[in-house]
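Spelled out, the chains give:
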Amino acid sequence: MSLMSSVTCGMRRLVHADPALLRNFLFPARRLAPVITCQQDRKLASKHGKGQKNVQKVKVNVDKQEVEIRRRMTAAALADAMNKDFDHILEALLNTSADLGSLKPDTVLEECWIKEVVTRSGMKFRWAKLSTTKESPNRDAQRRPPADPALLVSRPPVVTIMGHVDHGKTTLLDSLRKSQIVSTEAGGITQHIGAFLVQLPTGEKITFLDTPGHAAFSSMRARGADATDIVILVVAADDGVMNQTVESIQHAKRAKVPMIVAVNKCDKPQADPQRVKQELLAYDVICEEFGGDVQAIHISALKGDNLLALAEATVALAEVLELKAELTGPVEGLVIESRTDKGKGYVTTAIVQRGTLKKGCFLVAGKCWAKVRLLFDENGCAVTEAGPSMAVEVVGWKEPPSAGEIILEVESEQLAREVVEWRSHKEEQLKRQEEQSIIEAKQQRHLEEYQRERAALSHLSWRQRRKEYYLKNKTQFTHRPSERTEDEQLRLPIIIKGDVDGSMETLLNILDSYDADHQCQLDVVHFGVGDISENDVNMAKMFGGSIYGFNVSVTRSVHQLASRHGVPLRLNSVIYKLVDELKNELSQKLPPTVSENIMGEATVLAIFDISVGKKKVPIAGCRVTKGQLDRRLKFRVIRGRDTVWEGSLAAMKHHKDDVNMVKVGMDCGLMADGDASFSEGDIVICFEEVEEPQVTSWDPGF
C-alpha cells in the first residue's frame, strides 16, 4: 500500500508540474512516416492493390550513351568508342556464340557482334558518316582542237631512221649532214635518240631522228616512231632482215607511219638488194617493183652513193602527205630526251608540233613545268624561237620530265603549278585506289583462311580452340621481333645512274626482265639521271650494294669516298657491257656448284677383322677394276643400287705397306674412318668433289 500511495503522489505532483510531460509519458507519440512521392505511392499501390487494374505506369526517360560505330571495327576501336577497356568487350560477349578464344584487341568484329556489345552495355549506337572528299576542279591542260585550215602553213617533215644495229643508220645521217657522229659514239653504236635539222642542197629542210638499233633500246625506237611523219627503214644488203628490223617495222605499223626502205651497203661484193626486198614481203612490206606502195632506194651511206635520190623520195612523200601546222597559238610538242647538265640544270630535247616556242613561255610536261630560259639547236647555238618540226633543247625545267611526255604551253606560272598539282593529285588517287584494292584482296584472303580454320575447329570448345591456335602459332613467338633473323635469300642491292632519261628508261626495262630471283634477288634501291654523287655512295654503303653508271662521270672526291667505304663503282659507256658486268656480279653472289669426278672403282673380295686397341675394325679386301684409288679423296660404298656408306678412309694398305694410291689391277685393304659395314661384292667408288662457279640464269635477250 505504501508503494501504491507513493506512486500516486508522484503522479499528482507531475500533473501539477507539467501536464504535457505526463501525456507524452503515458501515450508515447508515433514516429511520423516519411513523405512518399507520387511515383513511390503509385508503385506501392500497384504492388499491394492487386485488384486495381486501371493504374497508369510512368516511364522514366534515361539518356543512354550514344556510340558511333562503323563496319569492320576492331575490338580495341569499339572499346575506345565506348570509353571502356578491352575486358568489357569480353564480358559483354560472354554466353554468346562469339569465339572469345581468338578475340584480341586487333580482331575485326562482325557487324552483329558490334551491335550486341553496344546493346548489352546499355548504350545505343549510330552509324558513322562516310567521309566525303570534295572533288577538286579539273585543272589539267588539254590539247587544242584542230586549227582552222586557213591558218596552216607547210612545215618540214620529221623523219625517223630505224633499223637493226650496225646496218648504217648513223652513217647515213652523218653523210646527209656532212658531220662526224659515228666517231664520237661509244662502242660504235647509237645509244640515244639524236634529233637534227638537215638542209638539203635543193633547199628543203628535214628533221631527222636517229634511233638506236641495239636490242636494249626498244622503248626508244617506239618513241621515235610515235613522234615522226616518215620512217626510213635501213636494211643492210649483205645482212638482210634481222630482229630489230622486224621490230622497227612493227613500231611503224602500230604508229601508222608511211615507210621508205633504204637498202644500204650496196657497194659490198656480197650485197644482194633483191633478197632484202623479198624478205620484207614476209612482213607485209611490199616494194613498188612488187606492186606495193613502199619506195626502195639502193644506197651506200659510207661512200655517199644515191643519197640524193633518197632525199628526193623523202621530200616527195612529204608533199603527198601535205604536212602543215599553225605558227600561232599555245605551243604543243613532244619530249624526245631529258638529261641533267651541270651548267644549265635540267635540259630536254623536244620537237615542236604546233605553235612557236619562245623564251619566257610556261610549259607543262607530265608532272613537271618550266619557264623557258634558253633555247639551243642541235649544234649548241642559242636560238630565240622554234617553229613546228624543229628540234631544240629547252632549258628552265624545275624537274626533268620523262621522255615521251607531251609538252603543252599554259598562260602563267600559277596555272602551270595548278596543272602539275592536279596531275599529281590524280596520280596519287589512282595509286591509293590500287593499294586499297590490294589491301581488300589480302583482307578477303585472310578472312577466308580464318573461316576455314574456324570451321575445322568448330566441334571444340573455345578453350580447346585457343590451345590449338597456341600450339599452331607458338613458333612465331619463340624470338622477340628484334631477335628474329632475316631469311637466307641472297640479295644484290644496286644504284643506277644514267646520263639521260631515255637511257634510264632502257636500263629499267632491261632490269624488269630479271627472272632469277630464285638464285639472287636484285633490288634497285635508287635510280636517277645525272652524275654519281656522295649521297649515292652513302646510300650504297647503307644497303651494302654497288653503283652502276651509264655515260656518267665521277668526281675525284666521290671516287675517294667510294674507295674509303668499299663501294664498287661500275662505270660503262656501252650498255651491253654494263649488263654483262651486272651479270658477272650476280654470278659472283651465287654459291659454287659442287660436281663429282669419278677417279676409280674397286670390288670388295673379302672381309677381315683386325684389333685396334680393344675394338675390332673391319677391313675390306678389294681389287681395283677402274682408274685408281686415292686415299686423300672421298669414297662411297654401293650395294646393289643403294649407297650404304660415304666418307673418308682411315688407312689404305697394299700388302703390308701404307700407300696413298692404288692403280687398276692391284689389290688393297681399306679401313673406313668411322662406322662402315662392308660385304663381299660391294662396289667402292673413289671420287673427288670439284667446285665450279655458278652462273646466273638471267638472259636479258642480247
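Note: the structure precedes this text.
This structure is a prediction, so every number in the text was calculated from the model and none was measured.

Can you lay out helix H10 (residues 273-280) for me, pointing to particular residues and giving the numbers?
Taken together, the buried positions of H10 are Pro-273, Val-276, Lys-277 and Leu-280. Seen along its axis, H10 keeps its buried residues to an arc of 95 degrees; they face one direction. Against strand E7 (230-236), helix H9 (243-255), strand E8 (259-264) and strand E9 (295-298) lie the buried residues of H10.

Explain unusual backbone geometry residue by residue, including any values.
In this model, Lys-256 sits at a positive phi of 55 degrees, which is unusual for a non-glycine residue. Looking at where Lys-256 falls in the secondary structure, it is placed in the loop between H9 and E8. Assessed through its relative accessible area of 76%, Lys-256 is described here as exposed. Positive phi outside glycine occurs at Ser-389, with the angle close to 70 degrees. As for its placement among the helices and strands, Ser-389 is situated in the loop between strand E16 (385-386) and strand E17 (391-397).

Any chance you could break down the sheet that holds strand E20 (residues 521-529) for me, citing the residues and the numbers?
Strands sit in the order E20-E19-E21-E22 across an open sheet of four strands; the sheet is parallel. Because the sheet does not close on itself, it has two edges, and the strands there are E20 and strand E22 (569-572). Sheet twist, expressed as the mean angle between neighbouring strand axes with direction ignored, is 20 degrees. Bridging between strand E19 (residues 491-498) and strand E21 (residues 546-550) involves five bridges; their strand directions are parallel. In the strand pairing of E21, Lys-497 is matched with Gly-549.

Explain the pattern of salt bridges to me, and be specific about the residues and the numbers.
This structure, assessed with the given rule, holds 32 salt bridges. Between Arg-339 and Glu-393 there is a salt bridge, with the nearest N and O atoms lying 3.1 Å from each other. Residue Arg-339 is found in strand E11 (residues 332-341), and its partner Glu-393 is found in strand E17; the two are separated by 54 residues along the sequence. In this structure, Glu-413 and Arg-417 form a salt bridge, with 2.9 Å as the shortest nitrogen-oxygen distance. Taken as a pair, Glu-413 and Arg-417 lie in helix H12 (residues 413-456) at a separation of four residues, close to a single helical turn. Look at Glu-413 and you get partly exposed, because its relative accessible area is 31%. In this structure Arg-417 comes out as partly exposed when scored by relative accessible area, which is 40%.

I'd like a description of the packing of aromatic side chains, backed by residues and values.
Within this structure, the stated rule accounts for two aromatic pairs. Summarising the aromatic geometry, the rings of Tyr-514 and Trp-698 are spaced 5.3 Å apart at their centres and angled 70 degrees between planes, so their arrangement reads as edge-to-face. With Tyr-514 in the loop between helix H14 (501-512) and E20 and Trp-698 in the segment after strand E31 (683-692), the pair connects residues that are 184 residues apart, well separated along the chain. Trp-698 shares its class with Tyr-514; the two are buried. Over the ring of Trp-127 we find Arg-71; its NZ or CZ atom is 5.0 Å from the centre of that ring.

Cut-offs used in this document
- Residues numbered from 1 in each chain as written.
- Predicted model: local features only at pLDDT ≥ 70, side-chain atom pairs only at ≥ 80, totals over all residues.
- Heavy atoms only, no water.
- Buried < 20%, exposed > 50% of the residue type's maximum accessible area, 1.4 Å probe, protein only.
- Helix = DSSP H or I, 4+ residues; strand = E, 2+ residues; numbered from the N terminus.
- Arc of directions from axis to C-beta.
- Contact = heavy atoms within 4.5 Å.
- Pairing = 2+ DSSP bridges.
- Axes fitted to C-alpha atoms, helices over the stretch in contact; angles between N-to-C directions.
- Salt bridge = Lys/Arg side-chain N within 4 Å of Asp/Glu carboxyl O.
- Phe/Tyr/Trp six-rings, centres within 6.5 Å; stacked < 30°, edge-to-face > 60°.
- Lys NZ or Arg CZ within 6 Å of the ring centre and 35° of its normal.

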